[in-house]
Each structure stands twice: as structure tokens, then as C-alpha cells.
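Observations on chain architecture
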Amino acid sequence: MSVSASAALPSAGATSSQVIHCNEELSRTLHALRPNKKRKKNPKLNSYLRTSKPSGIQHRQHTQYQVRGDGSISYTRSYLEPPKNAQATTQPKSTTSALIPDQFDNTVESWDVDTVPFDDEDVRIGRAPGVSFRFGSCVLIAQKILRLKGKGNLRNAPCSGCGDLSPNYRCEDCFGVNLQCSSCIKTAHQLHPLHRLQKWNGMFFERVTLKALGLRIQLGHAPGQVCPKPRRAFNDDFVVMDSHAIHEVSLDFCGCSNAVAHVQQLLRISWFPSTTANPKTAATFRLLEEFHILSFESKVSAYEFYNALTQRTNNTGLAPVKFRYECFMRMLREWRHLTMLKRSGRGHDPKGLDATVEGECAVLCPACPHPGKNLPDNWENAPQAKRWMYALFVAIDANFCLKRKVVSNNFTDPSLSRGWTYFVEEAGYKEFLAEKIDIVQEKSTCSSHTAVNMADTKTNRGLAATGLGTIDCARHNMKRPNAVGDLQKGEKYINMDYLFFSTLRHSSLKTLNISYDIACQWHKKLWQRMSAFPTSMQFDHTSKAISFFVPKFHLPAHVEKCQTTFSFNFKRGVGRTDGEAPERGWANINPVVSSTKEMGPGARRDTLDDFFGDWNWKKVVGLGNTMQRKLKEAVPQCADHQAALNDLEEGLKEEYGEVLEQWRSQVEAWENDQSQLNPFERNSDVITLASVRLALAKEEEQSMQSGARISLHEDCSPSILISSALELEEQQRRLRADKDGRGLHITDNQEGKLVERSNALQRRLDSWVKIQELYMPNVAAMRISDNATATNPSSISSTAESFKLWLPSQIGRSLPCDQSLQRTEWRLRYAQGHDALRSLRSCLRAQTAILKHKDRHLRGQGANTRARNTLKAIDIRIESATRRYESAHKALVVLGNLLNESGWQSSLRPLSRQDIRSMSDILWGESEGRRKLSWIWNMRGAGGSEKDDNGALEDMRIEWCKARARAMRWEEEVALLREEMRRIGAFLRWEARRWDERCNEVVPTDAEHEDGCVAYAHRQAHLRMQLAASFEANWAQTLSHLNVQDGSEECII
């Protein structure tokens, strides 16, 4: 396409214009190049977009668009000469105005779609760069695609093989486009019998098969040779499934006297037969491998994949493709199973496949400790201070997305493996559960755990399995051998116990760290329940160091005692483990449920086993980057937290030097023996407003009896005066909130009730003021002065809800006030602040519970409306508690300065809106690994503020214990990561040696079999050595830096 125009250069001081008529083609091209571009309201008149050829100076441009009556568009352009002192500028590289003829050049401008540059407008409006370029190129690309539908430049070309002048055949899968005659193309495809051919019928190319051209595929002989005794496939109708299509081929088996079975002949050319007796269908290894990988990455089902293959073969319906879906499913399942056996080395075992033991085919975690594989020879005799490094971390969890409907049964659809990988052996599992079906599970004594309390009531109508239970490696997120099993009805202890004891049979480690979201309940009678299991699953738990934990994300939902007893943050020897590993793996496996829920029991177990194996292998090959990333994060965090602990201890030594060692002894005793007093828990009594009122009343009683204090009013003591004022304040806040919440159309009845409440409150205020003037006589003069200085006369007669009480905290230093009244208010305000926090936490718990119940159980408009009304009422209570706390905190700030109180700020901090959140809420920008609880959940009461008060010391002790725990956990994490890096290299080398040993163990059936087994073993050994070398090279720089810091002379790996 080209656009041309001619015009004269405008003279100095004059303007020039040019009208260009836009036809329909030019309009479409402009729209395709710059779609959705908004015109600027104020064009930049100082932009020079056209250049004068003689001078090289650009001119200012004005463009005006006009729409004609017939729908065409006209462009009017005006160019103004720049100032005389203007300098020549460089022509812009990127512009779409190349479609508009250059007024200063009388030559014809041409535009080629292949040379259109990227449009800066794409980047400006957020569109992908080059979109305009692709829009402009689509015409040319479409032309080239359509060109391939015909003969193109080969219309008169002879056959590329024999020179025939009328070749009509071409191949879609061969490289390049060549036309050949039928004889040449059949000869050329002796080695490519599954390519797709096309034939020119005089008008267009149509599909044609090699079978129709007479090509016969001969097995059992070299390519091109013909068997003297060929045996045709059944009915001469053999179907081969390949990546490109489903083919019907003419197949001849070898019938010679030394010929092998038909199945072996197919396998030798990498075709997988659908049956072992008289096969009529096969799939290429390439197709099975393609689906195998695709299913792992996209979770596509076999049904969808098969339909896509059918559509690729023929999507018109005019030539129906032979239905081989059941054959494909059978071949795929066998392929998965055989691949698993091959990769686990079972094909090299001289004892055969039947000698496979449970869990032997699982992909093991190289970073976990495995005695005899990656642990030192004397690991059992390691010093007590280092034994924690050889601990096994396991995490228990259940997934109720992985359901299975009541389809088939174990007799009709058995598993191809018998507990050889991740699932437990099904027969023994079901038999054991049948014997314990009548056991009633005890209820939770912690929070209302649904997993515990609803285990016996969860519906299972129409389901053979309501979910899946698993035991994972808690630090590296890998499935453990024989650690997966179906759940028949909820998350029962009996199911999870079986999986737990089943996987522990594969470990002889002496230290176990067990994470479970209901560990506080599950562990109570665990060893008592173990006695009912088979002897092979039992072990001596008294000889092992076993610790139970609740995952960090689940921990805030437990009661306060569990939050310290079962926390990963406070126990020694766990590093920065969070216990949430199983939760991260569910996102990968959950999409598979759309296909596995309709499978039979055996097919589902085999499929999930295969997916778990792929997940583990991906984790193994990713350990190099994973461990490097974790170590780079842990090292600076370890230094930062250790520095923070040192700073804290330096500050504490001045005032708490004597008790600091007591705290250290206390926390170390608890770490060694969990039955000792927990230093992370507060031991002082929880302070409430009622308890403070009682204490004040008793103190006044003692003072009056001793004559130290005289009450100025027979019915109202000083403490009652201040306490009544706090109650009046609360009534004022409620009345103010109710008045602010009035609608525009309030009824007379509603208005009348508010007026009555206001009048009653005013009468109480008047009575209280009379008593206040006895104890605080200066307040009367201050109230009169305040009314006199009011700028608004109407404010003098204030309403009841805005009446100022002039408590000691409101007077401050402006007037003298009895210090006993100030201290009384301070104590009451202090208790009021803690009361408000408790009320706030209670409301937030209720809000979270209602939201969860609403999301999980409520359906329908009525139920949801009632739930919203309840949530609205809770929001009002949260707002009330917030205002009450803010009032108390404001008063404490004033009174604390007057009375020189200190230390209370650690438990009663300023309350911001982002602090008011539930335990599970995460602030914007926080990640799960860095989420922090709001400080309101860390305070359960407070002691006094003097230095010798046990409450203040308790606050200090808890903060120091937490700082010490943080520093220790990061230090342990660095040590654990270095040890795990060493174990990874040792394990991979052990696997390499094991594969080398298998070369000598195999019992071959012939020389070819032996050659294949040896080659595969060498390849697997070489792969492990390469992985180990790659990982260690990746870690070398970081580890050498750590070794320099530690004073080590050589790297630990």
C-alpha cells in the first residue's frame, strides 16, 4: 500500500494546509495501528513533527479531523514555521504518521507491513509492546498461511524424487514443502510410517493415509526388508495412537521361526500395545510421555487429551475416528506403573517385581536424615547439644477436596502396586479400620476443632472416600512412603494414627518433631491407641525424644495455653520450621480431583501415587535453589535477631541483672522438661475493672477504720465517685452513638425514647456533680469559667451526652487536685483499658466464628440476612470497645505523667485501626511466612508499673524470652540448612553408588536386555552425581562465606 501527495514548502511567516481524504481502507489501517488512542484536549503546539528537506528544521503541526455526511473522514493539517533561531532536530524513529504523505517531499512514500516499528503508544497505555506491529503484520501472515494451502511456487515443479511432471502428494510432518509422486512418497516414508500425507485432487489438498497408498509396516526385520512369513494384524486393521493423530495402518508381524512375540515386536519399535494377547491397538512411547508430562503440568484429564487427539485427527465428523479411549486409559495406567518401577530400580532386582516391599518405590527426600545413607557413622553417639540436628520432621494433614465417588470396587479395580509408593497397602488398611469402626472419638478440650468434633458426623453420602490423609516431610514438603490413605468419614484419629505409624516404620531416628493442626488433642492418648495396632507398626516411644507442634498458621485458633506449649517459635531444635508444608502441596494436587473423583479405587490410587512421585522429584531437583534461597535469608536474619537480643540484654543488665540469670535458668529448664513452669505464659492474675473496684473498696474500708481517711459523703466514697464517673462516660458514649445513628425519617416513638434517655442521664449527672464538688471544689469554678468563655452561647446549655465531667485526668495540671483521686482514677482507667481489650478480643473471635460459619454452612437469603444482622451488632460492640479503650488510654497518658507511672505502656499501647483485626487476618503486603499477630492478642492482663512489681518483671521476662527464642530459632535454622545441604550431597552420592551396584545385580534375559539395564543404571548414577555437583557449586560461595565467619578452614560439603 502506498499513499502519495505533493505540496510546496510553505513560505516564511505563512501557514500551509493540506486536505487528505481518508477512504475506508486507510481508515481501517489507521485504526489497526493505533487502536483506542485518546486525542489530547490540548495539543502540544511546540512539537515539531515534520522536517523541511533543505534546512532540516522541523515545523509545528496542527491536525483537524472532520467527518463528512457520507461517513468519510478528512484531515486538515497546518504547518507553522518555527522561530528563525531554531536548530535542526533528529527525525523521530517511531511514528505512525508515515501513512500521511510528507508535504515537503514530492516523492511517493511506501509502507511495508514488515517494517512497521513498535508503537510507543502500546507502552503508554499498558498494552503489550508490538501489538500494533502484529496488527499490521497480520495481513502478510495470513497471506503466507493461505499460500501453504495450495501448491504455491511448486505448481509446475516435478517430483523431488524421480522427476515426475505431475506430483500430487506432500507430507505435513516432513521438513519443508515438497511435492512427490505416490511411489516416491511411499518409499520415503518407510521409516516414517506415522506421518500425515495430503493429495492434490485438482482443486485442493485432501487427507490421504499411507495405508491407502499401500504402505505396509513390517516388524521384526530391518527397515525395507520383507518377512518371508509375514503375519498380518487382526483383520488387517491396526490402530496406532501418536502425538499427531490416531492412525490406521497396515501392519505385518514377523512370522519367522525365531520371531519373538507380537507384543515384544511392538515394544522394540517403541509402540506400547493395549493388550498382551493379539493386540489391535498401540500407542507410541512419544504420545504416552507427552501426556504423562502434560498431566503433571496442566492437570489435563485423559478424556480431554484423547478428545483433543481425536479432533486433531479429524474434526469434521465426516470420517469418524475409531474409538480407542478405553485402550488409551489402560495403556496410560500401565505406562505410569512401569515408569515408576523402572525409575525406582525394580527392573534391576534379580528377585523380580514380586520382591518389592512397601514404600520402596517412593522418591525419598534427600535433605531428611536417612541412617546408612546420608548420616555420619556415629550419629547415634552425637553429643546431646547436636542430636537435634538428626531429627525427623513430619507434618500431618487431611484434604477433603480429594473425594472419590462410589465407583467400582477393589475387586474389580485393584491397584497395580500394593503399597509400593505413597499409599498404604489397601487390604490391611481397610481390614484394620473395619475392626475399629465402633470406636467413638473423644471431643476437643481446646478450641472447637471441627476436625475433632465433626469427625463422626461428616456426611459421606455417595462417597467412597471423603478425602485424603497424608504425612509429609515438614521441612521440605515431600510425601513420605506409605503415608497416604483415604478417609471414609471425616478426619478420624484411627485413620491418621494408621498413616502415622505406617510411615514411621521406615525410620529408626531417635528424635521426632510432629506437626498437626490438632496436635494438642491428638497426642493425648496416642501411645495408648498404638497398643491396638499391629506389632510391626509399634515402637518404643520412651526411647525417643518426641515433640508435638501445631503449625504456625493454625496456632492462633487454639486457646492461649496451646499457643505457647505447642509453638514452633518457642521450642528448641526446630529452626524456622512452620509445619505448614502439607498445605502448600494441596494447591498442586487439588485440580486432579475433577478426574480422580470418578475413578475406581485402584486407578485413583495409582494416579495419585504418580502425581505425588512427580511432586517429590520436582522438589528434589529444585533443592539447589531452594536451600540457597533459604540460607541467604536465614544468615542476615540470624545476625539481626542476635544483635537485637544483645541490645535488649545490655539494657536489662542495669536494672534486672540479678533476675536475668533466673529467667535464663527458668526458660532452659522448661526447654528440657515441658512439665516445668512455662516462662512464656503470664502467671499474675488477670486485672479486671471489677477486681480493682473491690480492691479500692477494701482499701477505703481499712483507711476509714484506722482514721486515715474521712468520707465527705455518707453514700459515696472517692473510689465510688470516680467509678460512677466512668459509668456515666460509657452511658454518654452510647447515647451519642445512638443519636448519631438516627436515620432521616426517625419516628416520634424513637425520638421520644432518646429524649427520655437523655433526661434520665442529665438527672444522674446533676446528682453526681453535687457530690463531685465535695471532693473537688475547684471544679465548680472551672465549670463556670468554661461556660463564660464559650464562644457559642448555645453550647453553654450542653446536652447530656456532651456534658464534661472534669475528672482528674481532664483537669491535668491546670488546677490542684487530690493525688489520691488521681491515683484512684489511674487504677480504674488501667483496669478499664484491659477490660476494653478483653471485650475487643472476644468480639473479634465471635466475628471470625460467624464469618466462617456463614461461608461454610449458610445458604439462602434469609439465613445470610440474619447472619449479616448479627455481624452488624458485633461491629457496633467492637466500635464501642475501641472508643472505651481510647478514652482509657488517653486518661492514662495524662495521669501517668502526673503520678510518674511507667511500664504500663508495654501492655496498653496506642490502638490504631490496623491493630483491630482477628488472629488470622493478614495486613496488606505481609506474606504468610512474615505475618504478625496484632499486639492486642499478646496481652492478657498487666501487673503494676513499679520496678519491684512482679507484673512489670513478668512483662520484661516474656519479652526477653521471645527475643531469645527468635534469635535461637534463626541460629538453629542456619545450622539445620548447612546440615541439610551436607545430607543432600551425601544422599545423592549414595543413590549414585546404589545405581552402579545395580549394574552387577541384574539378571539379563539376553545381551540386549543386559545392555539396556546397564546403560540405564549408568545414566541414573551420572544424573545423581551431576545434581550433587550442581548443588554444591551453587552453594559454594555462600557456604565459604559462612565458614570464614565461623573460622572454619574448609567447606562442610
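The coordinates are above.
Residues numbered from 1 in each chain as written. Predicted model: local features only at pLDDT ≥ 70, side-chain atom pairs only at ≥ 80, totals over all residues. Heavy atoms only, no water.

1. Considerations on the overall build of the protein
Of the regular secondary structure elements, the protein holds 27 helices and 22 strands. Every one of the 1053 residues in the protein was classed for burial, and the buried ones make up 45%. Restricting the contact set of the protein to residue pairs at least 6 apart, pairs at least 24 apart contribute 71%. For the protein, the accessible area works out to roughly 55,100 Å², and carbon and sulfur atoms hold 52% of it. (Helix = DSSP H or I, 4+ residues; strand = E, 2+ residues; numbered from the N terminus. Buried < 20%, exposed > 50% of the residue type's maximum accessible area, 1.4 Å probe, protein only. Contact = heavy atoms within 4.5 Å. Areas by Shrake-Rupley, 256 points an atom, 1.4 Å probe, with all protein chains shown as cover.)

2. Things to note about the pairing of strand β16 (residues 392–399)
For β16, a buried count of eight out of eight residues is recorded, marking the element as mostly surrounded by other parts of the structure. The side-chain alternation of β16 yields two buried faces, one formed by L392, V394, I396 and A398 and the other by F393, A395, D397 and N399. Inspection of the sheet shows β16 paired to strand β21 (residues 511–516) by five bridges, in the parallel sense. Across the sheet, residue L392 finds its bridge partner in β21, namely L512. The sheet contact formed by β16 and strand β19 (residues 467–473) spans six bridges and is antiparallel. Across the sheet, N399 pairs through a bridge with L468, a residue of β19. (Pairing = 2+ DSSP bridges.)

3. Examining the side chain of E972
Its place among the elements puts E972 in helix α26 (residues 950–1001). What makes E972 buried here is its relative accessible area of 7%. For E972, the residues in contact, after removing those within four places along its chain, are W388, R572, G573, V574 and G575.

4. A closer look at the packing of aromatic side chains
Under the criterion given, the structure shown has 34 aromatic pairs. Judged by centre distance (5.4 Å) and plane angle (45°), the rings of F432 and Y498 are tilted. Of this pair, F432 sits in helix α9 (residues 426–435) while Y498 sits in helix α11 (residues 493–504); the two residues are 66 residues apart in sequence, bridging distant segments of the chain. Positioned above the aromatic ring of W586, the side-chain terminus of K479 is 5.0 Å from the ring centre. It is K571 that lies over the ring of F549; its NZ or CZ is 4.9 Å from the centre. (Phe/Tyr/Trp six-rings, centres within 6.5 Å; stacked < 30°, edge-to-face > 60°. Lys NZ or Arg CZ within 6 Å of the ring centre and 35° of its normal.)

5. Structural notes on the sheet that holds strand β9 (residues 205–208)
If you trace the three strands from one edge of the open sheet to the other, you get β7-β8-β9, paired in antiparallel fashion. Among the strands making up the open sheet, the edge pair consists of β7 (169–171) and β9. This sheet shows a mean twist of 35° between the axes of neighbouring strands, independent of strand direction. Here strand β8 (residues 197–200) pairs with β9 via four bridges, running antiparallel. What sits directly across from Q198, in β9, is R207. (Axes fitted to C-alpha atoms, helices over the stretch in contact; angles between N-to-C directions.)

6. Considerations on the nonpolar core
Most often, soluble globular proteins keep nonpolar side chains buried together rather than apart. Grouped together as the largest cluster of nonpolar side chains are 42 residues, with contacts concentrated most on I396, F500, F501, I514 and W522. The set of elements that each furnish at least two residues to this core consists of β16, α9, β20 (479–487), α11, β21, α12 (519–522) and α13 (526–530). For this core, the element with the highest residue contribution is α11, accounting for eight residues. Beyond its immediate sequence surroundings of up to four residues, F500 is in contact with V394, I396, I471, I514, W522 and L526. In this structure, C716, V779, A800 and W806 belong to the second largest nonpolar core, which totals 25 residues. (Core = buried A, V, L, I, M, F, W, Y, C linked by side-chain atoms within 4.5 Å.)

7. Things to note about the pattern of salt bridges
For the coordinates displayed, the defined rule picks out 49 salt bridges. The closest approach of N and O atoms between R286 and D242, which form a salt bridge, is 2.6 Å. Of this pair, R286 sits in helix α6 (residues 285–298) while D242 sits in the loop between β12 (238–241) and β13 (246–253); the two residues are 44 residues apart in sequence, bridging distant segments of the chain. Residue R286 is classed as partly exposed on the basis of its relative accessible area, which comes to 46%. (Salt bridge = Lys/Arg side-chain N within 4 Å of Asp/Glu carboxyl O.)

8. Observations regarding a negative patch on the surface
Together, D1006, E1008, E1010 and D1011 make up a region of like negative charge exposed at the surface. Relative to the assigned elements, E1010 resides in helix α27 (residues 1007–1046). (Patch = residues over 30% accessible without salt bridge, like charges linked within 9 Å, V, L, I, M, F, W, Y side chains within 5 Å. Lys, Arg positive; Asp, Glu negative; His and termini not counted. Charge placed at Lys NZ, Arg CZ, Asp CG, Glu CD.)

9. Quick look at empty space enclosed by the protein
For the structure shown, the criterion picks out four cavities of 30 Å³ or more. Estimates place the volume of the largest cavity at around 70 Å³. Of the residues forming the lining of the largest cavity, the biggest block, three residues, is contributed by β20. Roughly 50 Å³ of internal volume is contained in the second largest cavity. (1 Å grid on protein atoms, 1.4 Å probe; cavity = no way out; pocket = protein on both sides within 12 Å on 5 of 7 lines; lining within 4 Å. Points joined across faces, edges and corners; volume = space filled by probe spheres on them.)

10. Topic: the sheet that holds β20
Adjacent strands of a sheet form backbone hydrogen bonds with each other and so pair up, either parallel or antiparallel. Pairing in this open sheet of five strands is mixed, and the strands run β20-β19-β16-β21-β22 from one edge to the other. Edge positions in the sheet fall to β20 and β22 (545–549), since each of these pairs with one other strand and no more. Adjacent strand axes in the sheet meet at a mean angle of 20° when their direction is disregarded.

11. Structural notes on the packing of α6 against helix α17 (residues 601–621)
Two quantities define a packed helix pair, namely the angle between the axes and the distance from one axis to the other. Where α6 contacts α17, the two axes come as close as 11 Å, and the packing angle between them is 75°. Here α6 is positioned roughly perpendicular relative to α17, judged by the angle of their axes. Judged by residue contacts, H292, S295, F296 and E297 of α6 engage D610, F611, D614 and K618 from α17. (Parallel < 35°, antiparallel > 145°, perpendicular 65-115°, else oblique.)

12. Let's talk about the packing of helix α15 (residues 581–589) against α17
Interaxial distance between α15 and α17 falls to 11 Å at its minimum, and their mutual angle equals 120°. Here α15 lies oblique to α17, going by the angle between them. Helix-helix and strand crossings are classified by hand; for α15 and α17 the assignment is right-handed. Packed against α15, whose contacting residues are R584, G585, N588 and I589, the element α17 presents L608, F611, F612 and W615 at the interface. For the contact of α15 with α17, a count of residues per class yields five nonpolar, two polar and one charged. (Left-handed = near helix turned anticlockwise from the far one by under 90°. Nonpolar A, V, L, I, M, F, W, Y, C, P; charged D, E, K, R; others polar.)

13. Observations concerning the side chain of K571
Positionally, K571 belongs in the loop between α14 (560–565) and α15. In terms of polar contacts, K571 uses its side chain to reach the backbone carbonyl oxygen of T565, at 3.5 Å. Setting aside residues up to four positions removed in sequence, K571 forms contacts with S547, F548, F549, T565, W670, Q674 and R969. (Polar contact = N/O pair within 3.5 Å; in protein donor to acceptor, adjacent residues only side chain to side chain.)

14. Here's the deal with α17
For α17, spanning 21 residues, the distance from its first C-alpha to its last is 31 Å, which sits close to the expected 30 Å at 1.5 Å a residue. Counting buried positions along α17 gives 17 out of 21 residues, so the element sits mostly inside the fold. (Expected span 1.5 Å × (residues − 1).)

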